[in-house]
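Residues per chain, in single letters:
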Amino acid sequence: MADVDRLFDELAAAYVRGERPDLPAYLARAGDEADELARLVDAFLRTVPPPEPSEDDVAVMRARLEGEPGLLALRKRRGRRVDDVVDELAARLEVDDRTRLKHYYQRLEGGVLDPHRIDERVWEALHTVYETSVRNLIRPLVTRQGGSAMAYYRRTGPIGDDGAGPAHAAAPAEPMLVTGGEPVPAERDALDRLFLGGD
Amino acid sequence: MLSASSSHHDDARDAELLADGRIERLLARYELLIQARCIRETKNVHDGQDVAQDVMFRLFREFHAGKRYAGIPYRVVVHQVTKWTLADFFAGRRTDVPLPDDLEIREDDPGDRVVSELWLHELVAQLPEAERAACTLVYLEGLSPEQAADRLGTTRNNVDQRLFHARKRLRELMDDDG
């Protein structure tokens, strides 16, 4: 049996069990057959009734709509301390510089690191730490201007055609996504590359 | 045949969530489906994730604009908004802005045939008994192929062979759907 079929069976079964399969990770494992796996998964998800989301999933979605990064919301919901998460990450990623790791983790959790640059090993480690895929939780649901979806509806006007809220709306107090806004060190070591990408 | 009752059950659940204003639960239900569709169409994980994020935002905006799509299953709404957003992406238009108010969602769009009618239950029900049992355990109950083999008193390899035809049918559905 082709690898893509095995990967599909694994993902499909996990989805039906109500888990949150990490689709990009599965596609990475499929290599050259990623398009075929994506096609099969799309077909499957369109033909099977969606399972009821967990209470964690719902709470995290609510937080994202409020403009809060989902990973932060998940950690708070789980009652985990940042230092505990960082300790686990340091062990799994075999990182000695815990201070810098914590700096990066907090930026990732706060939604100010570009998730596309994060190394697969970080996602895998976080998946293990939280026992669920967190890749999709990094970014709050925001408008281009950085305001949360929910924040605009607490005020009086609708979202305008350009995605902006009412002109009189106050600036959002939520953390704002700064895609790619992280200062990049001139010389990147292995830890930098885990969170900023690059060779 | 399980299709009708299962389909109606889920549509009723979605309608109930929509009526109760529990949009976050609805979006959580459909997030992976949206993401898979966007990644498949853009053939790029990063682009697909970005477009999926915009689909979620648009669905949220539609909800807060007061749209409840009387009589149209929410899965069709999700499908249609995803399709429009992907069309904007491929046309080079912005996808992070609300949809125009005059767009109408209709259930009878021929392109929605897969999501409207062909639930996996139907597909599985069309398979021979041996294949149907394996597919039910793996694709509808979430057992691993190894667990399904144990349950059926057969080998993993045998289960893989039985699942083959279901995957083949899924691929055919996608070919039909374009």
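All of these numbers come straight from a predicted model, not from anything done at the bench.

**Overview of the interface of chain A and chain B**
Right, on to step 1. With 45 residues of chain A at the interface, the matching set in chain B holds 50 residues.
Right, on to step 2. Sorting the residues of the side of chain A that touches chain B by element identifies α1 (3-16), α2 (23-30), α3 (34-47), α4 (55-65) and α9 (149-154) of chain A as the ones contributing at least two each.
Right, on to step 3. Ranked by residue count, the leading element in the side of chain A that touches chain B is α3 of chain A, at 11 residues.
Right, on to step 4. Here the side of chain A that touches chain B is composed, by residue class, of 27 nonpolar, 5 polar and 13 charged.

**Let's talk about the confidence of the model for chain B**
All names here are of chain B.
Right, on to step 1. When pLDDT is averaged along chain B, the result is 82, and 84% of the positions lie at 70 or above.
Right, on to step 2. Mean pLDDT values over the elements of chain B span from 52, in helix α5 (residues 113-117), up to 93, in helix α2 (residues 23-42).
Right, on to step 3. What the predictor reports for the complex is a pTM of 0.78 with an ipTM of 0.79.

**Comments concerning helix α7 (residues 98-109) of chain A**
An α-helical segment advances 3.6 residues per turn. Residues three or four places apart therefore align on the same side.
All names here are of chain A.
Right, on to step 1. The first and last C-alpha atoms of α7 sit 16 Å apart over 12 residues, in line with the 16 Å expected at 1.5 Å per residue.
Right, on to step 2. Those residues of α7 that fall on the buried side of the exposure criterion are Tyr104, Tyr105, Leu108 and Glu109. Within α7, the buried residues cover an arc of 135° as seen down the axis, which keeps them to one side.
Right, on to step 3. Summarising the contacts, the buried residues of α7 are in contact with α5 (70-78), α6 (82-93) and α10 (190-196).
Right, on to step 4. Looking at the residues trailing α7, positive phi occurs at Gly111, about 80°.

Parameters at a glance
Residues numbered from 1 in each chain as written. Chains lettered and ligands numbered in written order. Predicted model: local features only at pLDDT ≥ 70, side-chain atom pairs only at ≥ 80, totals over all residues. Contact = placed C-beta atoms within 7 Å. Helix = DSSP H or I, 4+ residues; strand = E, 2+ residues; numbered from the N terminus. Nonpolar A, V, L, I, M, F, W, Y, C, P; charged D, E, K, R; others polar. pLDDT = per-residue confidence, 0-100. Expected span 1.5 Å × (residues − 1). Buried ≥ 20, exposed ≤ 12 C-beta atoms within 10 Å, placed from the backbone. Arc of directions from axis to C-beta.

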